[in-house]
Amino acid sequence: MTGKWIGLLAIAVVATGIVVYKAALTGSSSFDVSIAGTPDGRSPSVLLIADPRQAEEACGCAEIFRLVQAAGSRGLLVREISPEANRAAVRKYRVVVSPTVLILDESGAEVARYEGEDGRTIEAIRTDLERLLEAER
């Protein structure tokens, strides 16, 4: 009889471990990309995942920070996330390059992704941000 209980306990522990592992892989965590304070709590239109220390440098990453922040100051919903401070966001959006800029629709689904900081990427981000701002008017 004791052997059956040990077997059942072992199965329960393994099943719990599998559920926790799968939740971590799919990004099911308490991380929420909604912007606190917005009346409708909808997902941001732009998500920037980058090291904030690079915002002050003279590099492409700093230019991306300026573009995204300017779009935010003009009314676009924007969220900046440090990959070191929020591993859940990195997993959820499968970020492998910093900076990464994601354009999200109203439901939070990815519409466009820009990785890195080369000139063509920066220009594409600029174009998409302008397009989004025009659509907001």
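Refer to the preceding data block for the structure.
A brief report on the enclosed structure follows. (Residues numbered from 1 in each chain as written. Predicted model: local features only at pLDDT ≥ 70, side-chain atom pairs only at ≥ 80, totals over all residues. Heavy atoms only, no water.)

Further remarks concern the pattern of salt bridges. Tallying each qualifying case throughout the model produces 8 salt bridges. Between Glu110 and Arg113 there is a salt bridge, and its shortest N-O distance comes to 3.0 Å. Judged by relative accessible area, Glu110 falls into the partly exposed class, the value being 39%. Owing to a relative accessible area of 26%, Arg113 belongs among the partly exposed residues under this scheme. Sharing partners across several salt bridges, the network here consists of Glu63, Arg66, Glu123 and Arg126. (Salt bridge = Lys/Arg side-chain N within 4 Å of Asp/Glu carboxyl O. Buried < 20%, exposed > 50% of the residue type's maximum accessible area, 1.4 Å probe, protein only.)

Before going further, it helps to examine the sheet that holds strand β1 (residues 46-49). In space, the 4 strands of this open sheet follow the order β2-β1-β3-β4, with mixed pairing throughout. Edge positions in the open sheet fall to β2 (78-81) and β4 (110-115), since each of these has one partner strand only. Neighbour-to-neighbour, the strand axes of this sheet turn through a mean angle of 15 degrees, independent of strand direction. Sheet topology note: the β1/β2 ladder contains 4 bridges and is parallel. Among the inter-strand pairings, Leu47 is bridged to a residue of β2, identified as Arg79. Sheet strands touched by helix α2 (residues 60-73): β1, β2 and β3 (100-104). Its angle to β2, the strand with the most contacts, is close to 145 degrees. Along the sheet, helix α4 (residues 119-136) contacts β1, β3 and β4; its crossing angle with β4, the most-contacted strand, is approximately 150 degrees. (Pairing = 2+ DSSP bridges. Helix = DSSP H or I, 4+ residues; strand = E, 2+ residues; numbered from the N terminus. Axes fitted to C-alpha atoms, helices over the stretch in contact; angles between N-to-C directions. Contact = heavy atoms within 4.5 Å.)

What follows covers the nonpolar core. In terms of nonpolar packing, the biggest core is built from 21 residues, with Val46, Val68, Leu76, Val101, Ile103 and Leu129 touching the most fellow members. A per-element tally of this core places α2 first, with 6 residues. In this structure, Leu47, Ile49, Tyr93 and Leu102 belong to the second largest nonpolar core, which totals 9 residues. (Core = buried A, V, L, I, M, F, W, Y, C linked by side-chain atoms within 4.5 Å.)

Between Ser98 and Pro99 the backbone carries a cis peptide bond, its omega angle lying at 5 degrees. By the element assignment, Pro99 lies in the loop between α3 (87-92) and β3. Unlike most non-glycine residues, Arg94 shows phi in positive territory, near 50 degrees. Examined against the element boundaries, Arg94 turns out to sit in the loop between α3 and β3. For Arg94, a relative accessible area of 59% gives the class exposed.

Looking now at α2. The terminal C-alpha atoms of α2, which comprises 14 residues, lie 20 Å apart, in line with the 20 Å expected from a rise of 1.5 Å per residue. When we look at burial in α2, the residues that qualify are Gly60, Cys61, Ala62, Ile64, Phe65, Leu67, Val68 and Ala71. Buried residues along α2 sit against β1, β2, β3 and α4. Downstream of α2 by one or two residues, Gly75 has phi in the positive range, about 110 degrees. (Expected span 1.5 Å × (residues − 1).)

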